[in-house]
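# Per-entry structural report
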Amino acid sequence: MSVRVRFAPSPTGFLHVGGLRTALYNYLFARHNNGKLILRIEDTDRTRYVENSVENLINSLSWAGITFDEGPHVGGNYGPYFQSQRLDIYQKYAKELIESNLAYYAFDTPEELEQARATSSYHNFKYNRYIMRNQFTLKEYETKRLIENGTQYVIRLKVPENYTIKFTDIIRGEIVVNTRDVDDQVLLKSDGYPTYHLANVVDDHLMNITHIIRGEEWLPSVPKHILLYNAFGWEIPAMAHLPLLLNKDKTKLSKRQGDVAVEDYIAKGYFADAFVNFIALLGWNPTADREIYSIEELIEKFRLEKVNKSGAIFDVVKLDAINAKYLYSKPVAELARELQKWLEQKGLHHYPDEYLAKVVQLLRERVKRLPEIIDFAPYMFFPPNDYDLKYFEKHWKPETAEHLQNLLRIIKTTNPVFAQTFHEVVSNYIEQHNTKLKEIIHPLRLAITGVSFGAGMFETMEVLGAEEVAARLEHFLQNILPKIRINNENNKF
RNA sequence: GGCCCUAUCGACUAAUGGUUAGGUCACCACUCUUUCAAGGUGGUAGUACGGGUUCGAAUCCCGUUAGGGUCACCA
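Residues numbered from 1 in each chain as written. Chains lettered and ligands numbered in written order. Predicted model: local features only at pLDDT ≥ 70, side-chain atom pairs only at ≥ 80, totals over all residues.

### Description of the overall build of chain A
Threshold: Runs of E in the DSSP output that reach at least two residues are strands. Runs of H or I that reach at least four are helices, and both are numbered from the N terminus. In this description the radius of gyration comes from C-alpha coordinates, and the expected globular size is given by 2.2 Å times residues to the power 0.38. The exposure label follows from counting other C-beta atoms within 10 Å of a residue's C-beta, where the C-beta atoms are placed from the backbone and the thresholds are 20 or more for buried and 12 or fewer for exposed, leaving partly exposed in between. Two residues qualify as a contact pair if the distance between their C-beta atoms, derived from the backbone, is within 7 Å.
Helix and strand content of chain A: 20 helices and 11 strands. The C-alpha radius of gyration of chain A comes to 33 Å, more than 25% above the 23 Å expected for a compact globule of 493 residues. Projected onto its principal axes, the C-alpha positions of chain A cover 110 × 50 × 35 Å. Looking at chain A as a whole, 34% of its 493 residues are labelled buried. Residue pairs in contact within chain A that sit at least 24 positions apart in sequence constitute 76% of those at least 6 positions apart.

Structure, rendered in structure tokens:
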């Protein structure tokens, strides 16, 4: 039988990075086995539905390169792929369960349930079918009449009272649970919608899902699902419960401690392939001798049995390191085009591709993310507004202004083009004037970039061009320097 | 609290009974140097604890501890 797996998010917001990891492992497993990957939208809670979230989900997934063989956006033979469009199916199966005496009607109101919870020991509530209002405590004609009168009801699973359930998880091995710890789960809600448990089991069966790969938080409800499969007489798919993604303090990854939406990382300028690479390594490792893997390699090497059992901390530092490696190895032309988009987002326009390519080449090894270049070296895109005063104090000497003045004149007349020619100009100058490179290069950097850090100074000058370099030097000497001097007289300098 | 899951350097992980417990990120030092990085070289650092089983245990079993998940007409 060919492999069919699914990613089944609920449309309650944005794609969580944990969700992306689940989707990714499903994707890797499907592709590795030449199987199919299905997207199914579990929108059975009308109160939590968020507008546009399906679109968002699909956007984030496709950004990551995760493609589906079936789903609401691509079609398929097992649709509809929105659970909200399959209500009649779930209702039919719920009724079937009632008829075979494996489920029952219950008429308790939310208030009654709340009260029952309040009176039972706080954390230990379990639905007691012999006390509450349902088919066990009502006469048959009473049940009938309540339904005929249109009284709201739910359908609950009749869980056997003392029965041991065993199942095997591909990642965790055999797990044993006694049904005395399993609640009579609501299968069909009073609004006619199914709960996750019913819809999930029914759809996984109807859609021929062979392997269920999902987060560990579902592990405790597997016994309910086993009971359902058995009740229907269906074959149980293979199951793999993935370890959770964690915060730094080892709690379940949450909004409070950082970004959890995939789109946050898109907005920060992480590369899709780098992000996927990083996410894939949270809970699994193909060879352990390195950290950079192409998606093809991930697909080729993926083994569900090799997935770890314990949760993995989502560490942005590692993400940054991986992203930086991708940044360093991607074609410069491609990066230049992308940088253009980031600049435009900030209202900066009209930089030739060749110019941006040079900027990228010069600065990419100094940052972790592509758009970070703009913040790291704004002077590549417009003249500096501020000048680092500490840097000035450290390197400025009484004779410095004269040196820069002279160099400005030389640059204007010789018009150097390459880093090497800029270098020669300065070298010749320091030789003639009996000074040192150090004495010149830092003031030059300050006047041209305003800051104390950056790429090689001569390379930077090459990219900016002699004309721009001269203009900045001139501006600094004429307009900025006098102000700094006035300010410093009060201080001591 | 009940039930379930988990436990290797700070982090991600490798080693599925025999290794000086390996790699990557981070960190530290040195180097390179024109600042900041990157690179190169080296280094610190781990099998939670206690019992078993075994010639031999990170690995198998039991217990303890710690962490997590879950206990809705949410998914």
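### What to know about unusual backbone geometry
In this structure, the amide linkage connecting Gly79 to the following residue, Pro80, adopts the cis form with an omega of -5°. For Asn34, which is not glycine, the phi torsion reads 55° and is therefore positive. Following the sequence through the fold, Asn34 ends up in the loop between α1 (17-32) and β2 (36-39).

### Things to note about the nonpolar core
Here is the rule we go by: Linking buried Ala, Val, Leu, Ile, Met, Phe, Trp, Tyr and Cys residues through C-beta atoms within 7 Å yields a set, and such a set is a nonpolar core.
The biggest cluster of nonpolar side chains holds 72 residues, and the ones touching the most others in it are Leu24, Phe275 and Ile279. The element that contributes the greatest number of residues to this core is α1, accounting for nine residues. Once you skip the residues sitting within four places of it in the chain, Phe275 turns out to touch Ala64, Tyr265 and Tyr270. Counting residues in each nonpolar core, the second largest holds 22 residues, with Leu97, Tyr153, Leu187 and Leu228 among its members.

### Considering the packing of helix α3 (residues 87-99) against helix α6 (residues 196-206)
When two helices pack together, their arrangement is given by the angle between the helix axes and the distance between those axes. Stated precisely, the cut-off is as follows: All axes are obtained by fitting lines to C-alpha atoms, using only the stretch in contact for helices, and the reported angles, taken between N-to-C directions, cover 0 to 180 degrees. The cut-offs work like this: below 35 degrees is roughly parallel, past 145 is roughly antiparallel, 65 to 115 is roughly perpendicular, and the gaps in between are oblique. Any residue outside Ala, Val, Leu, Ile, Met, Phe, Trp, Tyr, Cys, Pro, Asp, Glu, Lys and Arg is labelled polar, Gly included; the first ten of those are nonpolar and the last four are charged.
Two elements in contact, α3 and α6, have axes whose closest approach is 10 Å; the angle formed by their N-to-C orientations is 100°. With respect to α6, the element α3 is oriented roughly perpendicular. When α3 is examined against α6, the residues Ile89, Tyr90, Tyr93 and Ala94 are found in contact with a partner set consisting of Leu198, Ala199 and Val202. Broken down by class, the residue content of the contact of α3 with α6 amounts to seven nonpolar, no polar and no charged.

### Re the sheet that holds strand β4 (residues 154-157)
Here is the rule: Two strands are counted as paired when DSSP detects at least two bridges linking them.
Reading across from one edge, β3-β4-β7 is the order of the three strands in this open sheet, with antiparallel pairing throughout. Unpaired on one side and paired on the other, β3 (103-106) and β7 (186-188) mark the two borders of the sheet. Direction aside, the axes of adjacent strands within the sheet are offset by 45° on average. Bridge analysis of β4 against β7 gives two bridges, and the strand direction is antiparallel. Each bridged residue has a counterpart across the sheet, and for Arg156 the counterpart in β7 is Val186. Packing of α3 onto the sheet brings it into contact with β3, β4 and β7, and relative to β3 it is tilted by some 105°.

### Observations concerning the pairing of strand β6 (residues 173-178)
Of all six residues making up β6, only zero are buried, and the element is barely covered by its neighbours. Pairing analysis gives six bridges linking strand β5 (residues 164-169) to β6, with the strands arranged antiparallel. Note on β6: the bridge partner recorded for Lys166 is Val176. The loop that links β5 with its antiparallel partner β6 comprises three residues.

### Remarks on the environment of Glu70
Checked against the element boundaries, Glu70 lands in the loop between α2 (53-63) and α3. C-alpha separation for the pair Glu70 and Ile38, spaced 32 residues apart in sequence, amounts to 4.7 Å. With sequence-adjacent residues up to four places away left out, Glu70 is seen in contact with Lys36, Ile38, Gly75, Gly76, Tyr78 and Tyr81.

### With respect to the packing of helix α12 (residues 332-345) against helix α13 (residues 353-363)
Remark: α12 packs on α13, axes separated minimally by 8 Å, with the N-to-C direction vectors making an angle of 105°. It follows that α12 is roughly perpendicular to α13 by the angle criterion. Contacts from Val332, Ala333, Leu335, Ala336, Arg337, Leu339 and Gln340 of α12 reach α13 at Asp353, Leu356, Ala357, Val360 and Gln361. Here the residues of the contact of α12 with α13 are counted per class, giving eight nonpolar, two polar and two charged.

### Some points on the pairing of β4
Burial along β4 is two-sided: the residues Val154 and Arg156 and Ile155 and Leu157 are all buried. Looking at chain direction, β3 and β4 are connected through four bridges and run antiparallel. Across the sheet, Tyr105 pairs through a bridge with Ile155, a residue of β4.

### Brief notes about α3
For an α-helix the count is 3.6 residues per turn, leaving residues at separations of three or four pointing the same way. Applicable threshold: Helices are assigned an expected span. That span is 1.5 Å times one less than the residue count. Each C-beta atom gives one direction from the helix axis, and the arc is the one those directions make.
For α3, which comprises 13 residues, the first-to-last C-alpha distance of 18 Å matches the rise-based estimate of 18 Å (1.5 Å per residue) to within 8%. Taken together, the buried positions of α3 are occupied by Tyr90, Tyr93, Ala94 and Leu97. One face of α3 carries all of its buried residues, which in axial projection span an arc of 105°. Across α3 from its buried face, at more than 90 degrees, point the exposed residues Asp88, Lys92 and Glu99.

### Some words on α6
Within the span of α6, buried status applies to Leu198, Ala199, Asn200, Val201, Val202, Asp203 and Asp204. Next to the buried residues of α6 lie α3, β7, β8 (211-215) and α7 (222-232). Backbone geometry just downstream of α6 places Asn208 in the positive-phi region, at approximately 60°.

### Topic: the confidence of the model for chain A
It should be kept in mind that the predicted coordinates are not to be read in detail where pLDDT is low. Stated precisely, the cut-off is as follows: Looking at any residue, its pLDDT shows the predictor's confidence there, from 0 to 100.
Chain-level pLDDT for chain A is 93 on average; 98% of the residues reach the 70-or-more range. As scored by the predictor, the complex reaches a pTM of 0.94 and an ipTM of 0.95.

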